[in-house]
Amino acid sequence: NESMSHAYAHIHGLPTTMFRFFTVYGPWGRPDLALYKFVDAILDGRPIDIYNHGDMYRDFTYVDDLVRAIRLLIDAVPERSANGTVPDGDSLSPVAPFRVVNIGNSDKVRLLDFVDAIEDCLGKKAIRNYMEMQTGDVPATWANADLLKSLTGYKPATDYRDGINKFVTWFRNYYGK
């Protein structure tokens, strides 16, 4: 009954998993993100802005890998243990059925290698506008997805070159470029 469910959730907490995404890209991606902007600019012969002179690293996560990870985590419901102990490597709260899970390839890719891969896929060189680091940005981010692997048996692994190729195929078909 509804009042029993509400009482249970109030006393024990609603099981919650929070996801941390790492540089998600792929078809139907956001036009303000680097891959989308770079492909569009290179195809149109416009320069691309490369911050920190390209000495930046990101953990590029292909959208299909992200969706699969989320789907698998649906079945990995966090449960608070009776004695409050948390398994090693788990972000599970000792007082509530809550955890945070990183979703990423666990691999940092240099921005210049990413741009090179885009150029290779397009068969066209970028006009590169090297710039200083943007205020508030960081030189490197990447996921530790060990918890995702231990909870689901899955580790995202789409190589960024394969993901770029899939994106470019979609982009060219969608925009007719």
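Residues numbered from 1 in each chain as written. Predicted model: local features only at pLDDT ≥ 70, side-chain atom pairs only at ≥ 80, totals over all residues. Heavy atoms only, no water.

Caption draft 1: Layout of the environment of Asn83. Position of Asn83 among the secondary structure elements: in the loop between helix H3 (63-74) and strand S6 (98-103). Its relative accessible area of 59% is what places Asn83 among the exposed residues. For the pair Asn83 and Val95, spaced twelve residues apart in sequence, the C-alpha to C-alpha distance is 9.5 Å. (Helix = DSSP H or I, 4+ residues; strand = E, 2+ residues; numbered from the N terminus. Buried < 20%, exposed > 50% of the residue type's maximum accessible area, 1.4 Å probe, protein only.)

Caption draft 2: Molecular detail of the nonpolar core. One finds Val39, Phe114 and Ile118 to be the most contacted residues of the largest nonpolar core, which totals 28 residues. Counting residues per element, the ones that place at least two in this core are helix H2 (34-44), strand S3 (47-50), helix H4 (111-122) and helix H6 (160-175). Apart from the residues within four sequence positions on either side, Ile118 is in contact with Leu35, Phe38, Val39, Ile42 and Ile164. (Core = buried A, V, L, I, M, F, W, Y, C linked by side-chain atoms within 4.5 Å. Contact = heavy atoms within 4.5 Å.)

Caption draft 3: Quick peek at the packing of aromatic side chains. Per the stated rule, a full pass over the model turns up 19 aromatic pairs. With centroids separated by 5.4 Å and ring planes inclined at 85 degrees, the aromatic side chains of Tyr36 and Phe171 adopt a geometry described as edge-to-face. With a gap of 135 residues between them, Tyr36 in helix H2 and Phe171 in helix H6 connect regions that are remote in the sequence. An identical accessibility class is assigned to Tyr36 and Phe171; each is buried. Judged by centre distance (4.9 Å) and plane angle (85 degrees), the rings of Tyr174 and Tyr175 are edge-to-face. Residue Tyr174 is classed as partly exposed on the basis of its relative accessible area of 47%. Given the relative accessible area of 39%, Tyr175 is considered partly exposed. (Phe/Tyr/Trp six-rings, centres within 6.5 Å; stacked < 30°, edge-to-face > 60°.)

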